[in-house]
Amino acid sequence: MSSAGPAEPADNTRALFPTLIYDAALGARGVKALNRELVAEAEQIAAADEAGQDWSESRYPGGYTSYATLDQLQRMAPTVQHLARHLTRHALHYAEALHWDLQGRSLVMSDCWVSIMGQGCGHPGHLHPLAVVSGTYYAQAPKGTSGLRFEDPRLASFMAAPPRAADAPDALRPHVLLPARAGRLYLFESWLRHEVPPNPVKEERVSFSFNFVWE
Ligand SMILES: [Fe+2]
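The following paragraphs examine the structure supplied in this document. (Residues numbered from 1 in each chain as written. Predicted model: local features only at pLDDT ≥ 70, side-chain atom pairs only at ≥ 80, totals over all residues. Heavy atoms only, no water.)

A tally of regular secondary structure across the chain gives 4 helices and 10 strands. Reading the chain from its N terminus to its C terminus gives the helix and strand order β-α-α-β-α-α-β-β-β-β-β-β-β-β. Projected onto the principal axes, the alpha-carbon positions of the chain cover approximately 75 × 45 × 35 Å. Buried positions account for 41% of the 215 residues belonging to the chain. Counted over contacts in the chain with a minimum sequence separation of 6, partners at least 24 positions apart contribute 84%. Surface accessibility of the chain: about 12,500 Å² in total, with carbon and sulfur atoms responsible for 55%. Considering the chain, the positive charge centre built from 19 side chains and the negative charge centre built from 23 side chains are found 5 Å apart. (Helix = DSSP H or I, 4+ residues; strand = E, 2+ residues; numbered from the N terminus. Buried < 20%, exposed > 50% of the residue type's maximum accessible area, 1.4 Å probe, protein only. Contact = heavy atoms within 4.5 Å. Areas by Shrake-Rupley, 256 points an atom, 1.4 Å probe, with all protein chains shown as cover. Lys, Arg positive; Asp, Glu negative; His and termini not counted. Charge placed at Lys NZ, Arg CZ, Asp CG, Glu CD.)

We now examine the packing of aromatic side chains. Tallied over the entire structure, the rule returns 6 aromatic pairs. An angle of 50° between the planes, with centres 6.2 Å apart, marks the rings of Trp55 and Tyr67 as tilted. Residue Trp55 is found in helix α2 (residues 50–59), and its partner Tyr67 is found in the loop between β2 (63–65) and α3 (73–76); the two are separated by 12 residues along the sequence. Owing to a relative accessible area of 24%, Trp55 belongs among the partly exposed residues under this scheme. (Phe/Tyr/Trp six-rings, centres within 6.5 Å; stacked < 30°, edge-to-face > 60°.)

The 6 strands lie next to each other as β1-β8-β5-β10-β3-β2, forming an open sheet whose pairing is antiparallel. The open sheet has two edge strands with one neighbour each: β1 (22–25) and β2. Within the sheet, the average angular offset between the axes of one strand and its neighbour, ignoring direction, is 20°. (Pairing = 2+ DSSP bridges. Axes fitted to C-alpha atoms, helices over the stretch in contact; angles between N-to-C directions.)

A word on the pattern of salt bridges. Applying the stated criterion across every chain, the model contains 6 salt bridges. The residue Asp23 makes a salt bridge to Arg181 at a minimum N-O spacing of 3.4 Å. Here the residue Asp23 occupies a position in strand β1, and Arg181 occupies one in the loop between β7 (175–178) and β8 (184–189), the gap between them amounting to 158 residues. Look at Asp23 and you get partly exposed, because its relative accessible area is 37%. One salt bridge in this structure joins Arg173 and Asp170, with 3.7 Å as the shortest N-O distance. By relative accessible area, which is 49% here, Asp170 ends up partly exposed. (Salt bridge = Lys/Arg side-chain N within 4 Å of Asp/Glu carboxyl O.)

Right, here's the structure in full:
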């Protein structure tokens, strides 16, 4: 009598068209000191950006973002400029993982903005039009702060499919929440919808988000 039972369902399937999320430590020397400088720079930017404060008051309650006012921080803030060089290196690694043929062109950071999220501040679902790679780097991520929640890009195509089991692995879940951790970054393809649930803790979460274009 054979001891082999019926094959596990996973043995008879293959995964095609994966959605790759790049998840890495920045890997810079002295990252703790760099994060302190980034947080200090973020606070200076927020304090000086009155138009951004006004915009954030109505559109980003509980926090400050330079998204609408100062979205080229990689060109004007020296510490962010330094960060951007590391992020570009990671973006090129991500392009390799995606097997992209850049055809003699490169990935160039087109915008970078800072977000300081106080308690209750969140960012509803969105994507990043006109870019190819987007991402977030965490300079300050207090314990218990909210992470980044990704949505299965095929959600609208499922129609009559049954829901996923509660114990489904991450790769098969319709939504996956990845934690915010200081000194780490996530990269994703810009069409991938994502959101930041409201920050539940009192301490501020400081992150830099950015886009890369192919040019
Ligand atoms: Fe985003």
